[in-house]
Amino acid sequence: ERTRIVVTRPIAHEAIRLLRQAGEVAEPGREAVLEPAELRAAVAGADAIVSTLQDRIDGPLADAAGPGLAVVATVAVGYDNVDVPALAERGVTVTNTPGVLTDATADLAFGLLLALTRRIGEGERLLRARTPWRFDLGFMLGSGLRDRTLGIVGLGQIGQAVARRARAFGMEIAYTGRRRADPAVEAELGARYLPLADLLRSADVVSLHCPLTEATRHLIDAAALRAMRPGAFLINTTRGPVVDERALAQALADGEIAGAGLDVFENEPDVEPRLLGMDNVVLTPHLGSATVETRTAMAVLAARNVLAVLGGDPPLSPVRA
Ligand code: GLV
Ligand code: GLV
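Criteria and cut-off values
Residues numbered from 1 in each chain as written. Chains lettered and ligands numbered in written order. Predicted model: local features only at pLDDT ≥ 70, side-chain atom pairs only at ≥ 80, totals over all residues. UniProt positions renumbered as here; feature names shortened; annotations may be inferred. Axes fitted to C-alpha atoms, helices over the stretch in contact; angles between N-to-C directions. Helix = DSSP H or I, 4+ residues; strand = E, 2+ residues; numbered from the N terminus. Parallel < 35°, antiparallel > 145°, perpendicular 65-115°, else oblique. Contact = placed C-beta atoms within 7 Å. Nonpolar A, V, L, I, M, F, W, Y, C, P; charged D, E, K, R; others polar. Near = placed C-beta within 6 Å. Buried ≥ 20, exposed ≤ 12 C-beta atoms within 10 Å, placed from the backbone. Pairing = 2+ DSSP bridges. Right-handed = clockwise from strand over helix to strand, strands pointing away. Domains from an automatic or database assignment. Left-handed = near helix turned anticlockwise from the far one by under 90°.

An unreviewed UniProt entry annotates the chain as D-glycerate dehydrogenase of Amycolatopsis antarctica. Its UniProt record, at the heading Sequence similarities (unreviewed entry), says of the chain: "Belongs to the D-isomer specific 2-hydroxyacid dehydrogenase family."

Encoded structure:
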């Protein structure tokens, strides 16, 4: 029987071409994301699944694929939608796409930060509403970044890339995480380790770069927001549920923090309605890795992971259970 590779969402053609070297590729239509039952039907008999963060991949789904399933390659760095231990139990390798989306995501985090501190979205809305305005020395003043402290939550590849950008803007770097970074990384970035509570208290900008896990769900809750400085900004480009979005709306309404830049949301595609009306909030629709080059590189890496596993070689970027 021919090797069957199921791709759940449209991906770069370059990746499809690679996958065809290993077997027959079932591509989705251009329509909506597959519902769980449709997804189960679609993966039947699959040796490999190329999925995205929109697909819930768990033990029952692997069982629906059948005993031939060898690899699930998710086209994303975050894999909170995948029950990795359940797949490992069934002998299924899971891979993700770290590295190739680091710069794109760090760029977007910084774009949100600049849009927020320099009131770019607000200024855009003012012009598009044809509001009368003129240059004035006191008009729409924002805040600068030099000598401000950026507090990074999770100094992985993306957190480090954000720190490098921040250094170029003259910012001080503090970070927190499950463990201390390599001393060489700390030295290169001039990054100071702080426990979360101290980081929240001292940072002018808090930018989230930790994965979503049971430990980080609602890491930024009402108490964390209250601990932040009243002039501080929050940036989230990781996963929505790391922030309690309703508590964030309340903290912004109460002036507990100065603003927020959000690319991800707790219940995508929904956004907490109160945030939509706030001028000190910049919102983008989960665009962290959304460049042509990056999305192509992600799909190609996922395809190479599939080829490796189906060919009996070690995967390039496996996820540990
Ligand atoms: C996107 O959100 C990703 O995890 O790659
Ligand atoms: C502002 O536009 C300046 O020229 O300083």
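Enquirer: Tell me about the packing of helix H1 (residues 13–20) against helix H13 (residues 292–310), and name the residues and values.
Expert: At a minimum axis separation of 8 Å, H1 and H13 run at an interaxial angle of 10°. Between H1 and H13, the angle falls in the class roughly parallel. Of the residues in H13, those in contact with Glu14, Ala15, Leu18 and Leu19 of H1 are Thr296, Ala299, Val300, Ala302, Ala303, Arg304, Val306 and Leu307. Class assignment of the residues belonging to the contact of H1 with H13 gives a composition of nine nonpolar, one polar and two charged.

Enquirer: I'd like a description of the site of ligand 1, backed by residues and values.
Expert: Ligand 1 sits among Leu53, Ala76, Val77, Gly78, Leu101, Gly288 and Ser289. Its residues assigned to classes, the shell around ligand 1 shows four nonpolar, three polar and no charged.

Enquirer: Can you tell me about the pairing of strand E4 (residues 71–74), naming the residues and giving the values?
Expert: Burial along E4 is two-sided: the face carrying Val71 and Ala73 and the face carrying Val72 and Thr74 are both buried. As paired elements, strand E3 (residues 48–51) and E4 share four bridges and run parallel to each other. Residue Ala48 lies in a different strand from E4, and its bridge partner there is Val71. The handedness of the E3 to E4 crossover, carried by helix H3 (residues 59–65), is right-handed. In this structure, E4 lies alongside strand E5 (residues 93–95), joined through three bridges in parallel fashion.

Enquirer: A description of the sheet that holds strand E6 (residues 149–153) should follow, citing residues and the corresponding values.
Expert: The seven strands are arranged E8-E7-E6-E9-E10-E11-E12 in an open sheet whose pairing can be described as parallel. For this open sheet the edge positions go to strand E8 (191–193) and strand E12 (281–283), each flanked by a neighbour on one side alone. The sheet shows a mean angle of 20° between the axes of neighbouring strands, direction not considered. The sheet contact formed by strand E11 (residues 259–262) and E12 spans three bridges and is parallel. Opposite Ala260, over in E12, you have Val281 as the bridge partner.

Enquirer: Got a sec to walk through the domain arrangement of the chain? Specific residues and values, please.
Expert: Its domain assignment divides the chain into domain 1 (4–98 + 292–310) and domain 2 (102–283). Distance between the C-alpha centres of domain 1 and domain 2: 32 Å. Listed as interface residues are four residues of domain 1 and, on the opposing side, seven residues of domain 2. Broken down by class, the residue content of the side of domain 1 that touches domain 2 amounts to one nonpolar, two polar and one charged.

Enquirer: Can you lay out the packing of helix H5 (residues 102–117) against helix H7 (residues 157–168) for me, pointing to particular residues and giving the numbers?
Expert: Where H5 meets H7, the axes come as close as 9 Å, and the angle between the chain directions of the two elements is 50°. Taken together, H5 and H7 sit at an angle that is classed as oblique. The way H5 lies across H7 gives a crossing that is right-handed. Residue-level contacts link Thr102, Asp103, Thr105, Ala106, Ala109 and Phe110 of H5 to Gln157, Ile158, Ala161, Val162 and Arg165 of H7. The residue inventory of the contact of H5 with H7, partitioned by class, reads six nonpolar, three polar and two charged.

Enquirer: Tell me what's going on with the UniProt feature "domain: D-isomer specific 2-hydroxyacid dehydrogenase NAD-binding" (unreviewed entry) in the chain, and back it up with residues and numbers.
Expert: When the UniProt feature table is mapped onto this chain, "domain: D-isomer specific 2-hydroxyacid dehydrogenase NAD-binding" (unreviewed entry) is found at residues 110–288. Helix makes up 35% of residues 110–288 and strand 16%, whereas the separation of the span's terminal C-alpha atoms amounts to 11 Å.

Enquirer: Let's hear about the sheet that holds E5: which residues, and what values?
Expert: Spatial strand order, E2-E1-E3-E4-E5: five strands in an open sheet with parallel pairing. In this open sheet, the two strands that pair with only one neighbour each are strand E2 (24–26) and E5. Across the sheet, the mean angle separating the axes of adjacent strands is 15° when strand polarity is ignored. Sheet strands touched by H13: strand E1 (4–7), E3, E4 and E5. Its angle to E4, the strand with the most contacts, is close to 170°.

Enquirer: Summarise the environment of Ile57; cite the residues concerned and give the values.
Expert: Examined against the element boundaries, Ile57 turns out to sit in the loop between E3 and H3. For Ile57, a count of 26 C-beta atoms within 10 Å gives the class buried. For the pair Ile57 and Ile16, spaced 41 residues apart in sequence, the C-alpha separation works out to 21 Å. For Ile57, the residues in contact, after removing those within four places along its chain, are Ser51, Val72, Asn81, Val82 and Asp83.

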